[in-house]
Amino acid sequence: MHAELKKLAVLSGFGLAMLAGQAVAAPVLMTPEWAAQACEAWNKDATLTDGLGGKWIGNNKGRGYKVIHMYRTDCESSPQVEIRIADKGGKAMCVYGGKIETAKLDSGADYLMHATTERWTEMGAGEYGPMKAMMFGRLKFEGPKMEAMGVMGPFTSFLRLVGKVPSDSASCPK
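Residues numbered from 1 in each chain as written. Predicted model: local features only at pLDDT ≥ 70, side-chain atom pairs only at ≥ 80, totals over all residues. Heavy atoms only, no water.

This brings us to the sheet that holds strand β2 (residues 81-88). The 5 strands lie next to each other as β3-β2-β1-β4-β5, forming an open sheet whose pairing is mixed. Where the open sheet ends on each side, the last strands, each with one partner, are β3 (91-99) and β5 (140-142). Between one strand axis and the next, the sheet turns through 20° on average, direction left out of account. Note: strand β1 (residues 65-72) against β2, 6 bridges, orientation antiparallel. Counted as the bridge partner of Met70 is Val81 from β2. Docked against the sheet, helix α5 (residues 117-124) engages β1 and β4 (111-115), running at close to 105° with respect to β4. (Pairing = 2+ DSSP bridges. Helix = DSSP H or I, 4+ residues; strand = E, 2+ residues; numbered from the N terminus. Axes fitted to C-alpha atoms, helices over the stretch in contact; angles between N-to-C directions. Contact = heavy atoms within 4.5 Å.)

β2 sits mainly inside the fold: 6 of its 8 residues count as buried. As paired elements, β2 and β3 share 8 bridges and run antiparallel to each other. Residue pairing in the sheet places Ile85 in a bridge with Cys94 of β3. Between the antiparallel neighbours β2 and β3 lie 2 residues, among them Gly89 with a positive phi of about 65°. (Buried < 20%, exposed > 50% of the residue type's maximum accessible area, 1.4 Å probe, protein only.)

With respect to burial, β1 is a largely interior element, 6 of its 8 residues being buried. The pairing of β1 with β4 spans 5 bridges and is parallel. Looking at β4, one finds that Ile68 is bridged to Tyr111.

Tallying each qualifying case throughout the model produces 2 disulfides. Each sulfur of the disulfide joining Cys39 and Cys94 lies 2.1 Å from the other. Between Cys39 and Cys94, the S-S dihedral sits near -120°, and the bridge is therefore left-handed. With Cys39 in helix α2 (residues 32-43) and Cys94 in strand β3, this residue pair connects regions lying 55 residues apart in the sequence. At a sulfur-sulfur separation of 2.2 Å, the disulfide partner of Cys75 is Cys172. Taking the sign of the S-S torsion, about -75° here, the bridge from Cys75 to Cys172 comes out left-handed. Here Cys172 lies in the segment after α8 (152-164) and Cys75 lies in the loop between β1 and β2, a separation of 97 residues in the sequence. (Disulfide = S-S within 2.5 Å.)

In structure tokens, the structure reads:
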């Protein structure tokens, strides 16, 4: 009986070691896989879904959605990612996160944001918000600036998604 238990313990340890080796690594920051997870995180954040409902999400140029493109400026020639936000029952819900599907942004409704990996990480950690990031050139931003100024609380929550969504920032998106 003792030999059988010992054998079972060894086999169990081997099985656990095999499972541990199959752990899923966090996606690289600003890849389509990361953007899909950021989209899910957006929908769990009431500051974003409720705070951007109404007027902000209503400015969609009749398409029914707004687009945000993002990238890391220190990752030259890396592709951008896209997050698409739509009005779902009065809430600003993320309906897509992934590779770029909207080739041309509408500067009156959509956003393009880029920063270095270091700055994205700092904003994601809550070290500073969007006002400081934009004033000091840490976050480059294109889109309806006055609209963005009116939603600084939700904009802060958006930047913090970078810190909430697990990612690997040691390499660049490919």
